[in-house]
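Read off the chains here:
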Amino acid sequence: MNEPALHATQRIATWEELSPTVHWAQRHQRSPKFDWRRRTYDFELLYVVQGELRVYSGQADTSISVTAGHLLLQPPGMMHEIEIITDPYVQLLGLHYDFFGELKVKADEDIIVNELRPPEHPFCKMPVLNGEPLFTFELLSPPPVVVALMEAIIDEWNERKTGFEYACRGLLLHLFAKLVRLQSRSTRTVHPKYEQLLVELANKLETGYRMKWTNADMAKYLNVHEDYMGKLFKDMMGVGPLKYLNAVRHREAKRLLRETDEKIETVAREAGFDDLHYFSRVFREREGMTASQYRRFSQL
């Protein structure tokens, strides 16, 4: 039996062999003036929090638009140019990483290929598990849990507490598992009658998280039974509708804690949590610290 042909940037592996390393992790902003044409030695996950950008990969005449709520996977070694569409800037979450601890990074410049001289390092490799690359997507609309994992990695990498490398590795593996499951779900077909309505419903939850949503409200939007609505939503988004909504609210609460000085009670209410005790309990379960502690750490 012939083995499948491997691309130069692929490596046959098992889950047990994955030992990913984060090279760079930040929340950042980019303006239309930013010069963003490059190749990298490692993999990049780029999530658009707000705004829009256009990515030109390989051939200059092929491009994709990446809008808020979408996750882009950039492979190593591919020349790409990113055009910022939104003025004055787009807001992004960015991760650079490998799968096997291949790249030793001492400075940010070690990630990017200097095109004035030949590449100094081998490009990082994509794991091939059971005959298939771990990831095959280029662009994805992830559920809030994936975004939350990216934020957790960014926090760990920037705080650099004792053992942060191991924490980042564990969070990355968790993120990979979520993306693989989401990728497999994306092969399932949702009835065309509901696909656009589900996207619209998810957008309403993203912007209307302060509303008192119930399963009945969401089912009414689709004009289906509550149980069927829940199944449709989970098939398309990867999580149930109420979990999706709570993740959106939690993400907004974390933003308010980082960016404002509002009281914890106000943050909870503005993020859509009516019960402060419930908010405090859930926040601690998700983050391993209280909301007040999270604010202090994020402002260091």
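Residues numbered from 1 in each chain as written. Predicted model: local features only at pLDDT ≥ 70, side-chain atom pairs only at ≥ 80, totals over all residues. Heavy atoms only, no water.

### Regarding the state of the cysteines
Enumeration according to the criterion identifies zero disulfides in this entry. Cys124 takes part in no disulfide bond, and the closest cysteine sulfur, belonging to Cys168, lies 16 Å away. (Disulfide = S-S within 2.5 Å.)

### Some points on helix α8 (residues 276-287)
Look at α8: 16 Å from first C-alpha to last across 12 residues, which is about the 16 Å you get at 1.5 Å a residue. Every buried residue of α8 is listed here: Phe279, Val282 and Phe283. In a view along the axis of α8, the buried residues occupy a sector of 105 degrees, so they form one face of it. Among the exposed residues of α8, those oriented more than 90 degrees off its buried face are His277 and Glu285. Turning to α8, the residues buried within the fold contact α6 (241-259), α7 (264-270) and α9 (291-298). Sitting at the head of α8, Asp275 places a side-chain oxygen 2.9 Å from the backbone nitrogen of His277. Of the residues flanking the end of α8, it is Gly288, one or two places downstream, whose phi is positive at about 75 degrees. (Helix = DSSP H or I, 4+ residues; strand = E, 2+ residues; numbered from the N terminus. Expected span 1.5 Å × (residues − 1). Buried < 20%, exposed > 50% of the residue type's maximum accessible area, 1.4 Å probe, protein only. Arc of directions from axis to C-beta. Contact = heavy atoms within 4.5 Å. Polar contact = N/O pair within 3.5 Å; in protein donor to acceptor, adjacent residues only side chain to side chain.)

### Observations concerning the nonpolar core
Core analysis: the biggest nonpolar cluster contains 42 residues, and Leu45, Leu95, Phe99 and Leu175 have the highest contact counts within it. When residues of this core are traced back to their parent elements, those giving at least two are β2 (21-30), β4 (43-50), β7 (71-74), β9 (90-98), β10 (126-129), α1 (144-159) and α2 (164-185). Residue contacts for Phe99: discarding those within four places in its chain leaves Leu18, Ser19, Pro20, Phe43, Lys125, Met126, Pro127, Leu134, Phe135 and Phe176. (Core = buried A, V, L, I, M, F, W, Y, C linked by side-chain atoms within 4.5 Å.)

### Observations regarding the packing of aromatic side chains
Evaluated as defined, the whole model comprises 15 aromatic pairs. Judged by centre distance (5.2 Å) and plane angle (50 degrees), the rings of Phe273 and Phe279 are tilted. Like Phe273, the residue Phe279 is buried in the burial classification. Each member of the aromatic cluster is reached from another via a ring pair, and the members are Phe43, Tyr97, Phe99, Phe135 and Phe176. The cationic tip of Arg30 hangs over the ring face of Phe34; the distance from NZ or CZ to the ring centre is 4.3 Å. Above the face of the Trp157 ring, Arg160 is positioned so that its terminal group lies 4.4 Å from the ring centre. (Phe/Tyr/Trp six-rings, centres within 6.5 Å; stacked < 30°, edge-to-face > 60°. Lys NZ or Arg CZ within 6 Å of the ring centre and 35° of its normal.)

### Overview of the layout of surface pockets
Of the volumes computed, that of the second largest pocket is approximately 410 Å³. Taken together, 18 residues form the lining of the second largest pocket, with Ala148, Ala152, Leu171, Arg286 and Glu287 sitting closest to its centre. Within the residue set of the lining of the second largest pocket, elements represented by two or more residues are α1, α2, α6 and α8. Among the elements that make up the lining of the second largest pocket, the one with the highest residue count is α1 (seven residues). For the lining of the second largest pocket, the residue count by class is seven nonpolar, three polar and eight charged. (1 Å grid on protein atoms, 1.4 Å probe; cavity = no way out; pocket = protein on both sides within 12 Å on 5 of 7 lines; lining within 4 Å. Points joined across faces, edges and corners; volume = space filled by probe spheres on them. Nonpolar A, V, L, I, M, F, W, Y, C, P; charged D, E, K, R; others polar.)

### Here we look at the pattern of salt bridges
Counted according to the given criterion, the structure contains 13 salt bridges. Note that Glu44 is salt-bridged to Arg38, the shortest N-O span being 3.3 Å. Residue classification places Glu44 among the buried residues on the basis of a relative accessible area of 2%. A residue is classified by how much of its surface remains accessible, and Arg38, at 15% relative accessible area, is buried. Across the pair Glu287 and Lys254 runs a salt bridge whose closest N-O atoms are separated by 3.3 Å. Separated by 33 residues along the polypeptide, Glu287 in helix α8 and Lys254 in helix α6 bring together distant segments of the chain. Overall, the relative accessible area of 1% leaves Lys254 in the buried class. What you see here is one network of salt bridges that share partners, running through Glu151, Lys254 and Glu287. (Salt bridge = Lys/Arg side-chain N within 4 Å of Asp/Glu carboxyl O.)

### With respect to the sheet that holds strand β8 (residues 80-84)
Read from one edge of the open sheet, four strands run β3-β8-β5-β6, paired in antiparallel fashion. Among the strands making up the open sheet, the edge pair consists of β3 (37-38) and β6 (63-67). Bridge count between strand β5 (residues 52-57) and β8: five bridges; the pairing is antiparallel. Along β8, the bridge assignment pairs Leu53 with Ile84. (Pairing = 2+ DSSP bridges.)

### Brief notes about the environment of Leu129
Of note, Leu129 is situated in strand β10. Note on Leu129: relative accessible area 11%, which makes it buried. Residues Leu129 and Asp274 lie 145 residues apart in sequence; the distance between their C-alpha atoms is 45 Å. The residues contacting Leu129, other than those within four sequence positions of it, are Ala13, Thr14, Trp15 and Leu134.

### Re the side chain of Glu252
Counting through the fold element by element, Glu252 comes out in helix α6. When its relative accessible area of 11% is taken as the criterion, Glu252 is described as buried. Of the polar contacts made by the side chain of Glu252, one reaches the side chain of Arg255; its length is 2.7 Å. Those residues within four positions of Glu252 in sequence are excluded, and the remaining contacts are Tyr209 and Ala271.

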